[in-house]
Amino acid sequence: MAAETGTPTTLTLKSNDDELFSVAESAAILSVTIRNMVEDGCAGGVIPLDNVDGKTLASVITYMNGISAIPADEEKKKSYRDKFLSDKDFETLADMVLAANYLNMSCLMDAVSAKIAQVMEKKSVGWVRRKFGIENDYTPEEEAAVKEEHKWTFEGVETDDDN
Amino acid sequence: MRDFPPPVRQPPPPAGHRRRDVSLAVGVMGPKLDIVPTLMANKEARNSKVSSTTNYLESLPEELESEILLHLGAEDIFKAAMVVCRKWYRMIHTHNFIYSHLQNSTPGILIKYSAHRSYPVFVSMVKGKIEISKIDYEYRCRCWSSCNGLTLEYHPATSSAFCILNPVTKQLFELPPFGDFDLAYCACSGIAYAAASMEYKVVCISGHPDQRTSTPAAMLGCAILTVGVDKSWRRVDVQHLSLEAKELFKNTPLTTEGFLHWTSRQIGMRRMLTLNVETEIITETRVPRGGFNNRKGKESRYYLSNGRSLSVVIACSEFSWDVWELKKPKIGEWVKTIRIDLEGQKSKFENLRHKYPRPLIIEPVAWLNYDEGLLVRVLHPDNFASEDCFVYNVGKQEIEVLDLTEYYICTRFLVHKNSLVWLDTDTIWSRQPDRRPTPIRLQRSTPALFTCTI
């Protein structure tokens, strides 16, 4: 394995739109997928990442380099993640969730998921539907029944139990 | 819409995100609505309708969408996300989602005025910041126990039996009456979760029918009920316990993962009782030494649960404490974990001197997300009333004032998580069709913390 030679090793990653990226192995192995490839000795040439496009991969590599440069200090890593994600739009965040999942990077996955969830905090149903472009596929009766679950049951109210 | 490749080549999710198959779990939160994805709207029609906004979330595999929803608080999920669409409703109503969400959510403290009925507030520490929210249920608080977001309470309609309720999802399950079993102290009851059998168990203390709260310790017994399974309360073996240890049954038990603990601050009490809710065996173990007389016959040692494990905070001086954690509940092995020293921050308490004559009695009352924050309050040495609460930030080793006075003079504290957990009522009802709960009248709730406009 290249890492055992003691010299910094560089890996070449290829996105699904054929862009090539060089990244230090020590940073790239934040991805469990890449680490497994390296450990299995499959990382000699170019590592193809078929599920990640060039734009997203560039972002992920920026993150890999940034976070691996921070020593073991969870507070600083957290503030780096916050800063890194602060200017990303929804489309980028959705792409990064997919990439983080494919690359098996749990820290990035958690941070991006939390960032998307944060947008929904304390928002109304209508707001969430509009913001994310989700169509209401409930019938009015069903929606009323779902909302009914928000109340404590009161005497005399029929429940939807089937028997 | 972006066309993403199918997730065939995706690696297995990392350990922390692993999920079990959840095919049959729909209806975990209550079978009020039978939603199956058969009527999913036509995709093209939907796309044309929402052309102005791109639906990035729906382009994600369902597993990743659910990953995102896991980061929302229980209130947000229950009040908004669940109502957004059928798919989200279905994803949220699975055992797997609910328990992953429970693992993900930050524990906090329910704080309540000790008056008979009142609405508690929920205080939590998220990323070092204190958040206070109101709870939408008026607790009577004769018993005060919480486990995985479920709380134990007297039944609001009958007041003769216990019920389990989730203040977020507003579900309530009535437990069987006590029958020939005489409840000695309702405050000494507790709820805990047996993870291996995936069952909730409720425990209470029985006494002599004529004496109730004045029942001598020798005559106290312990009864247990597996929620949704047992139709009547079962006795737990207490024959092997010493008389001294049985005195502990007069205290409110603390819930940890898989255990209930009875402890006491009586001077010289060096024992505790631990009930393993899986095996239903009570063991008597020793507790760490230390602490001094805090007047009124109590020792300055404070047993606190953090939801997971039990700890005892023992005063070394007016402004410093040792924290011990019960590492092995079965054999009673304690390990000293941290030292809290506020000698250097005495000045922050100085403005309280006019209200409280020396010495100040500073009492740790509950963990806020264990290892992150400890809630402490200052007691008046004469009447033990308290109006001032502080949070000790374990990481920064600093204290800050927690302003709760607009809510209450708070006197009762309980470690709690806001969760979506509910009893698997389908299973319960298939086993016990005669115990299916009937609609009941509950106290009108206060306005919710935030309202959803739809």
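Only a predicted model underlies this, so the values are computations on that prediction, with no experimental measurement involved. (Residues numbered from 1 in each chain as written. Chains lettered and ligands numbered in written order. Predicted model: local features only at pLDDT ≥ 70, side-chain atom pairs only at ≥ 80, totals over all residues.)

Q: Account for the overall build of chain A, naming residues and giving values.
A: Counting its regular elements, chain A contains 8 helices and 3 strands. Its helices and strands taken in sequence order, chain A reads β-β-α-α-β-α-α-α-α-α-α from the N to the C terminus. Counting only residues that meet the buried cut, chain A has 33% of its 163 residues in that class. For chain A, the share of sequence-separated contacts (at least 6 apart) that also reach a separation of at least 24 residues comes to 55%. (Helix = DSSP H or I, 4+ residues; strand = E, 2+ residues; numbered from the N terminus. Buried ≥ 20, exposed ≤ 12 C-beta atoms within 10 Å, placed from the backbone. Contact = placed C-beta atoms within 7 Å.)

Q: With reference to specific residues and values, describe the overall build of chain B.
A: A tally of helices and strands in chain B yields 8 helices and 24 strands. Residue pairs in contact within chain B that sit at least 24 positions apart in sequence constitute 56% of those at least 6 positions apart.

Q: Requested: an account of the sheet that holds strand S7 (residues 171-174) of chain B, with residues and values cited.
A: All names here are of chain B. Spatially, the 4 strands line up as an open sheet ordered S4-S5-S6-S7, and their pairing is antiparallel. Either end of the sheet is taken by a strand with one partner, and the two such strands are strand S4 (145-147) and S7. If you compare each strand with its neighbour and ignore which way they point, the axes differ by 30° on average. Note that S4 and strand S5 (residues 150-154) share 3 bridges and pair antiparallel. Counted as the bridge partner of Ser146 is Thr151 from S5. (Pairing = 2+ DSSP bridges. Axes fitted to C-alpha atoms, helices over the stretch in contact; angles between N-to-C directions.)

Q: With reference to specific residues and values, describe the environment of B:Thr169.
A: With respect to the element layout, B:Thr169 can be found in the loop between strand S6 (162-166) and S7. The exposure class assigned to B:Thr169 is buried, which follows from the 24 C-beta atoms found within 10 Å.

Q: So what's going on with the packing of helix H3 (residues 54-68) of chain A against helix H4 (residues 74-86) of chain A? Which residues, and what values?
A: Between two packed helices, both the angle of their axes relative to each other and the distance between the axes serve to describe the pair. Residues and elements named next belong to chain A. Where H3 meets H4, the closest approach of the two axes is 10 Å, and the angle between their N-to-C directions is 155°. One finds that H3 runs roughly antiparallel with respect to H4. Remark: the crossing between H3 and H4 carries right-handed chirality. Where H3 abuts H4, its residues Tyr63, Gly66 and Ile67 lie against Lys77, Tyr80 and Phe84. (Parallel < 35°, antiparallel > 145°, perpendicular 65-115°, else oblique. Left-handed = near helix turned anticlockwise from the far one by under 90°.)

Q: Account for the sheet that holds strand S13 (residues 259-262) of chain B, naming residues and giving values.
A: All names here are of chain B. Spatially, the 4 strands line up as an open sheet ordered S12-S13-S14-S15, and their pairing is antiparallel. Strand pairing shows two members of the sheet lacking a second neighbour, strand S12 (254-256) and strand S15 (281-286), which therefore form its edges. Direction aside, the axes of adjacent strands within the sheet are offset by 25° on average. Pairing geometry for strand S14 (residues 271-276) and S15, over 6 bridges, is antiparallel. Residue pairing across strands places Arg271 opposite Arg286, the latter belonging to S15.

Q: Summarise the domain arrangement of chain B; cite the residues concerned and give the values.
A: Accessible area lost upon the coming together of the parts serves often as the stated size of an interface. Residues and elements named next belong to chain B. What the domain assignment reports for chain B is domain 1 (7-102) and domain 2 (127-343). Counting residues per element, the side of domain 1 that touches domain 2 draws most heavily on helix H3 (residues 74-84), at 3 residues. Partitioned by chemical class, the residues of the side of domain 1 that touches domain 2 number 4 nonpolar, 1 polar and 1 charged. (Domains from an automatic or database assignment. Nonpolar A, V, L, I, M, F, W, Y, C, P; charged D, E, K, R; others polar.)

Q: Tell me about unusual backbone geometry, and name the residues and values.
A: Located in the positive-phi region is A:Asp18, a residue other than glycine, with phi close to 65°. With a phi close to 55°, B:Asn148 is a non-glycine residue in the positive phi region. Its location among the elements puts B:Asn148 in the loop between S4 and S5. B:Asn148 gets classed as buried once you count the C-beta atoms within 10 Å, which come to 23.

Q: Tell me about the domain arrangement of chain A, and please be specific about residues and values.
A: Looking at the assigned domains, one finds that chain A contains domain 1 (2-120) and domain 2 (123-152). Placing a centre on the C-alpha atoms of domain 1 of chain A and another on those of domain 2 of chain A gives a separation of 36 Å.

Q: Summarise the confidence of the model for chain A; cite the residues concerned and give the values.
A: Residues and elements named next belong to chain A. Mean pLDDT over chain A works out to 84, with 88% of the residues at or above the 70 mark. Mean pLDDT values over the elements of chain A span from 87, in helix H8 (residues 140-148), up to 94, in H3. Every residue in residues 154-163 scores below 50 in pLDDT, and together they form 14 contacts with partners more than four places removed in sequence or on other chains. (pLDDT = per-residue confidence, 0-100.)

Q: Please give an account of the pairing of strand S16 (residues 301-305) of chain B that cites residues and values.
A: Residues and elements named next belong to chain B. Burial of S16 is extensive: 5 of the 5 residues sit out of reach of the surface. Residues Arg301, Tyr303 and Ser305 point to one face of S16 and Tyr302 and Leu304 to the other, with burial holding for every one of them. Both S16 and strand S17 (residues 310-317) contribute to a ladder of 5 bridges, which runs antiparallel. In the strand pairing of S17, Tyr303 is matched with Val312.

Q: Talk me through H3(A); I want residue IDs and the actual numbers.
A: Residues and elements named next belong to chain A. For H3, spanning 15 residues, the distance from its first C-alpha to its last is 21 Å, which sits close to the expected 21 Å at 1.5 Å a residue. Those residues of H3 that sit buried are Thr56, Leu57, Val60, Tyr63 and Met64. The buried residues of H3 all sit within an arc of 120° when viewed along its axis, so they share a single face. Contacts made by the buried residues of H3 are with strand S1 (10-14), strand S2 (20-24), helix H1 (25-28), H4, helix H5 (90-103) and helix H6 (106-120). (Expected span 1.5 Å × (residues − 1). Arc of directions from axis to C-beta.)

Q: Residues and numbers for the environment of B:Gly332, please.
A: Residues and elements named next belong to chain B. With respect to the helices and strands, the residue Gly332 is situated in the loop between strand S18 (320-328) and strand S19 (333-341). Expressed as a C-alpha distance, the spacing of Gly332 and Val365, which sit 33 residues apart in the sequence, is 22 Å. Gly332 has contacts with Thr285 and Arg286, leaving out every residue within four places of it along the chain.

Q: Which residues make up the pairing of strand S10 (residues 221-226) of chain B, and what are the values?
A: On a regular strand, each side chain points to the face opposite its neighbour's, so the side chains alternate between the two faces of the sheet. Residues and elements named next belong to chain B. With 6 bridges joining them, strand S9 (residues 199-206) and S10 adopt antiparallel strand pairing. Within S10, the residue paired with Ile205 across the bridge is Cys222. Both S10 and strand S11 (residues 234-236) contribute to a ladder of 3 bridges, which runs antiparallel. When the bridges of S11 are listed, Cys222 appears paired with Val236.

Q: Tell me about the confidence of the model for chain B, residues and numbers included.
A: Residues and elements named next belong to chain B. Here chain B averages 77 in pLDDT, while 74% of its residues score no lower than 70. Below a pLDDT of 50 lies the segment residues 1-52, which in the model reaches 82 contacts outside its immediate sequence neighbourhood of four places, other chains included. Predicted confidence is poor over residues 425-454, with pLDDT under 50, and the contacts of this stretch with residues over four places away or in other chains come to 52 contacts.

Q: Can you tell me about the packing of H5(A) against H6(A), naming the residues and giving the values?
A: Residue and element names in this part refer to chain A. Orientation of H5 relative to H6, taken along the N-to-C sense of each, is 155°, at an axis distance of 9 Å. Judged by the angle between their axes, H5 and H6 are roughly antiparallel. In this structure, H5 crosses over H6, and the sense of that crossing is left-handed. From H5, Leu93, Met96, Val97, Ala100 and Asn101 reach across to H6, where they touch Leu108, Met109, Val112, Ser113, Lys115 and Ile116. When the residues that make up the contact of H5 with H6 are grouped by side-chain class, the tally is 8 nonpolar, 2 polar and 1 charged.

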